[in-house]
Amino acid sequence: MAETSTTLKHYFVSSAQQFDAAKMGMWLFLVTEVLLFSGMFVAYAVYRVWYPEVFELSSELLDWRLGALNTLVLLASSFTVALSVHFIQRNEKEKVVVLLLLTLLCALAFMVVKYFEYTGKWSHGIFPGAGFAPHGDYAAYYTPYAPQFFSIYFVMTGIHGIHVLVGMGVIAWIVTRAIRGHFSAAYYTPIELTGLYWHLVDIIWIFLFPLLYLI
Amino acid sequence: MAHGSHHIVPIRTLATVFAVLVALTIITVITAQLDLGPLNVPLALAIAGTKAVAVAAIFMALKYDNPVNMVVAFLGIAFAVVFLSLTLSDTALRGALGIQPAGHIPYELPAAVHEASASAEEPDAVALAEQEMPEVQEAPARSGEALYDQFCKTCHSLDGSVLPGPTFQGIGQSRTREALTESILDPDATITEGFPPQLMLLTLNALNFYSTTSDAEIESLVTFLEAQ
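Residues numbered from 1 in each chain as written. Chains lettered and ligands numbered in written order. Predicted model: local features only at pLDDT ≥ 70, side-chain atom pairs only at ≥ 80, totals over all residues. Heavy atoms only, no water.

### Description of the overall build of chain B
Helices and strands together make up the secondary structure of chain B, namely 11 helices and zero strands. Counting from the amino terminus, helix and strand elements in chain B follow one another as α-α-α-α-α-α-α-α-α-α-α. Residue burial in chain B is summarised as follows: out of 228 residues, 30% are buried. Sequence-distant contacts, at least 24 apart, represent 55% of the contacts inside chain B between residues at least 6 apart. Per element, the accessible surface of chain B, about 13800 Å² overall, is 63% carbon and sulfur. (Helix = DSSP H or I, 4+ residues; strand = E, 2+ residues; numbered from the N terminus. Buried < 20%, exposed > 50% of the residue type's maximum accessible area, 1.4 Å probe, protein only. Contact = heavy atoms within 4.5 Å. Areas by Shrake-Rupley, 256 points an atom, 1.4 Å probe, with all protein chains shown as cover.)

Spelled out as C-alpha cells, the structure:
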C-alpha cells in the first residue's frame, strides 16, 4: 500500500477511482485526436469523390511495399505495447522495459522508412503545395488535382509522423521511469495511457495505408 | 486492492489479435492487386475497419473496460461520421460549379416567372422578377487562345520546350485541321511517340473540358492551333 499512497491524490477516494478518471480523460483526448484527423479524412474523401481517376493514378507513385512494411512495423509496436501493459499488471517489471524498448525500435524503423519515402518523392519534384513540380519519369503524373492528392498525402502522413515522434518521446520517458522502478501492478497509469495513445496512432495508420497506397 | 480487479488480457489473446491483424494486412494488399471495380474501396475500408475494431477492443481493452470509455469512443466516431456524411452530401451532389468561367453564373428563371412574363397578366410579378433575378445570358464564347491558356498550356508549350505533352510549335504545318480536331475530341486515336496514352483524356475530363466547351469553341481552338 505504501506505493499506492504516494501516487494517490487526496481528491480521489481510491486509486481505482483515480485510475478510471485518468483513463477516461485519456479517452476524451483520443476523441479530439480522432476529430483532428477526421478533418483530413474528409478532405481526402471530398477530393477522391470529385477526382477518383486522379487519385488512382497518383497513388501509383506511392510504394505499397513500403506502406505495407510500415503497417506491419506499427502493428508489431502495438502488440509490444499491449504486452507491456499485460506484464506490468503481473508485476514483471524487467519484461516491461524490454517491450517498451522494442516499441521504441519499431517506431524508429517506421520513421526511417518514412524518411526514405519522403526524400524519394522530393528527389522527383513531388512536394506539397506550390512547389509541386514532378520531373523525369514522374512528369506524366502531373495531372490537374495531382497536387491536391500529394498535399493531402504529405499533410496526413506528416501529422501522423509527428504523432509517432511525440509517441517516441513519451515512450522514451516512461522507459526511464520503468527502469527507475516507478511502476508496478499497483500503479501503471502512465504505461496504460501511453499505450492507448500509441494504439490510436496505429489505428490512424491502418486507415491511411489502404486509402493512400492501395486504392 | 483496486488494480487487482483490472482485467489482464491473456498473452494468447493478444498474440491471436496480432496474427489476425497481420493476416488482414496481407489480405488487403492482395485484394488491392485485383481489380474488383466498385468493390475496391468498400472492401479496403471494411478490412481497415475490422482491424481498427480489433485494436480498440482487445489492445485498447475496450471490451473489458468500464463501459463509459466505450461511450466516449463511440461519441467521437459518431461526430466524425456526421462530419463526413454531411460534408459529402454537399460536395458530392452540388455538381461541377467550380469550373464555370469567371463572370458567368448559369441561372434559370423559375417556370412560373416565364409564364407570368409571357401572359403579362401579373405585371407586379414580372417587375419583381426583373428587379431580383439576374438576366439569363449565354456564356460568351471563349477564344481559341483563351481555351489554350485554360486547358492546354500546362502540358503543351508553344515554343518547343518539353512539358508532359508534345509541343504545339509548328503543329499547324504538320497536322491537318481534321487531325487536330480528332486529337482534341479523341486524344488516344493517335499518340505521339514517347508520350503516355490516356493522360490527356484523364486531364481534360478532370477539368470538365468536354462538358463545358461548345462545338464553336473547339473550332476556334483548332483555328488557334493551325496558326502555330
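Next comes the rest of the write-up.
### Some details on the state of the cysteines
Using the criterion set out here, one finds zero disulfides over all chains in the structure. Its sulfur unpaired, Cys155 of chain B is 9.1 Å from the next cysteine sulfur, which belongs to Cys152 of chain B. (Disulfide = S-S within 2.5 Å.)

### Some details on the nonpolar core
One broad rule of soluble globular proteins: the nonpolar side chains tend to lie buried together. Core analysis: the biggest nonpolar cluster contains 93 residues, and Phe150 of chain A together with Met60 of chain B have the highest contact counts within it. With 17 residues, helix α7 (residues 189-214) of chain A is the largest single contributor of residues to this core. Not counting residues up to four positions away in its chain, the partners in contact with Phe150 of chain A are Ser58, Leu61, Leu62, Lys121, Ile126 and Phe132 of chain A. (Core = buried A, V, L, I, M, F, W, Y, C linked by side-chain atoms within 4.5 Å.)

### Brief notes about the layout of surface pockets
What the largest pocket holds in volume is close to 1000 Å³. As for the largest pocket, its lining consists of 35 residues, of which Val34, Ile203 and Phe207 of chain A together with Ala52 and Ile77 of chain B are closest to the centre. Contributing elements (two or more residues each) for the lining of the largest pocket: α2 (15-50) and α7 of chain A together with α2 (40-59) and α3 (67-91) of chain B. Here the element with the most residues in the lining of the largest pocket is α2 of chain A; it accounts for 11 residues. Of the residues assigned to the lining of the largest pocket, the class counts are 29 nonpolar, four polar and two charged. (1 Å grid on protein atoms, 1.4 Å probe; cavity = no way out; pocket = protein on both sides within 12 Å on 5 of 7 lines; lining within 4 Å. Points joined across faces, edges and corners; volume = space filled by probe spheres on them. Nonpolar A, V, L, I, M, F, W, Y, C, P; charged D, E, K, R; others polar.)

### Observations concerning a nonpolar patch on the surface
Residues and elements named next belong to chain A. A contiguous nonpolar patch, built from Val98, Leu102, Leu105, Leu108, Val112, Tyr115 and Phe116 and spanning about 690 Å² of accessible area, is present on the exposed surface. By secondary structure assignment, the location of Leu105 is in helix α5 (residues 93-123). Owing to a relative accessible area of 53%, Leu105 belongs among the exposed residues under this scheme. (Patch = residues over 30% accessible without salt bridge, like charges linked within 9 Å, V, L, I, M, F, W, Y side chains within 5 Å. Salt bridge = Lys/Arg side-chain N within 4 Å of Asp/Glu carboxyl O.)

### Here we look at the interface of chain B and chain A
Contact residues are listed per partner, giving 55 residues for chain B and 62 residues for chain A. Regarding the contact of chain B and chain A, the summed buried area is about 4900 Å², with carbon and sulfur atoms giving 81% of it. Between chain B and chain A we count one salt bridge in total. Here Lys23 of chain A and Asp65 of chain B are joined by a salt bridge, their closest N and O atoms 3.0 Å apart. Our count for the contact surface shared by chain B and chain A stands at five residue pairs in polar contact (both at pLDDT 80 or more). Listed by contribution, the elements that provide at least two residues to the side of chain B that touches chain A are α1 (11-33), α2, α3 and α9 (199-206) of chain B. (Buried area = accessible area lost by both parts, 1.4 Å probe. Polar contact = N/O pair within 3.5 Å; in protein donor to acceptor, adjacent residues only side chain to side chain.)

### Section: the packing of helix α3 (residues 52-59) of chain A against helix α6 (residues 146-179) of chain A
How two helices sit against one another is set out by the angle between their axes and by the gap between those axes. Residues and elements named next belong to chain A. Contact pair α3 / α6: the axes reach a minimum separation of 9 Å and the direction vectors enclose 60°. Comparing their axes, α6 and α3 come out oblique. Read as a crossing pair, α3 and α6 show a hand that is right-handed. Packed against α3, whose contacting residues are Val54, Phe55, Ser58 and Ser59, the element α6 presents Ala146, Phe149, Phe150 and Ile152 at the interface. Taken together, the residues that form the contact of α3 with α6 break down as six nonpolar, two polar and no charged. (Axes fitted to C-alpha atoms, helices over the stretch in contact; angles between N-to-C directions. Parallel < 35°, antiparallel > 145°, perpendicular 65-115°, else oblique. Left-handed = near helix turned anticlockwise from the far one by under 90°.)

### Considering the packing of α7 of chain A against α2 of chain B
Viewed as axis vectors pointing N to C, α7 of chain A and α2 of chain B meet at an angle of 170°, and their least axial separation amounts to 9 Å. What the angle tells us is that α7 of chain A and α2 of chain B run roughly antiparallel. Judged by residue contacts, His199, Asp202, Ile203, Ile206, Phe207, Pro210 and Leu211 of chain A of α7 of chain A engage Ala44, Leu45, Ala48, Gly49, Lys51, Ala52, Val55, Ala56 and Phe59 of chain B from α2 of chain B. Its residues assigned to classes, the contact of α7 of chain A with α2 of chain B shows 12 nonpolar, two polar and two charged.

### Describing the confidence of the model for chain B
On average, residues of chain B carry a pLDDT of 81, and 78% of them reach 70 or more. The lowest-confidence element of chain B is helix α5 (residues 123-132) of chain B, averaging 52 in pLDDT; the highest-confidence one is α1 of chain B, averaging 95. (pLDDT = per-residue confidence, 0-100.)

### Describing the side chain of Ser38 of chain A
With respect to the element layout, Ser38 of chain A can be found in helix α2. Ser38 of chain A gets classed as buried once you look at its relative accessible area, which sits at 6%. Those residues within four positions of Ser38 of chain A in sequence are excluded, and the remaining contacts are Ala80 and Phe83 of chain B.

### Some details on unusual backbone geometry
A positive phi angle is found at Asn91 of chain A, which is not glycine, with a value near 65°. At Asn208 of chain B, a position not held by glycine, the phi torsion is positive, near 55°. Looking at the secondary structure, you find Asn208 of chain B in the loop between α9 and α10 (209-212).

### A closer look at the packing of aromatic side chains
The final tally for this structure, using the stated rule, is 28 aromatic pairs over all chains. Plain terms: the ring middles of Phe79 of chain A and Phe59 of chain B are 6.3 Å apart, the flat faces sit at 25° to each other, and that makes the pair stacked. Taken together, the residues Phe79 of chain A in helix α4 (residues 64-89) and Phe59 of chain B in helix α2 connect one chain to another. Judged on exposure class, the residue Phe79 of chain A and its partner Phe59 of chain B are both buried. Arranged with centres 6.5 Å apart and planes meeting at 75°, the rings of Tyr153 of chain A and Tyr213 of chain A form a pair that is edge-to-face. Here Tyr153 of chain A is found in helix α6, whereas its partner Tyr213 of chain A is found in helix α7, with 60 residues between them in sequence. On the basis of relative accessible area, Tyr213 of chain A is assigned to the buried category, the value being 4%. Connected via pairs of aromatic rings, a cluster forms that spans Phe110, Tyr118, Trp122, Tyr153, Phe154, Trp205, Phe209 and Tyr213 of chain A. Across the ring face of Trp64 of chain A, the terminal group of Arg65 of chain A is positioned such that the distance to the ring centre comes to 5.9 Å. (Phe/Tyr/Trp six-rings, centres within 6.5 Å; stacked < 30°, edge-to-face > 60°. Lys NZ or Arg CZ within 6 Å of the ring centre and 35° of its normal.)

### Quick notes on helix α8 (residues 177-185) of chain B
Residue and element names in this part refer to chain B. Residues of α8 that are buried: Leu180, Ser183 and Ile184. Down the axis of α8, the smallest arc covering the buried residues is 100°, so these residues share one side. Contact partners of the buried residues in α8: α7 (171-174), α9, α10 and α11 (215-226). (Arc of directions from axis to C-beta.)

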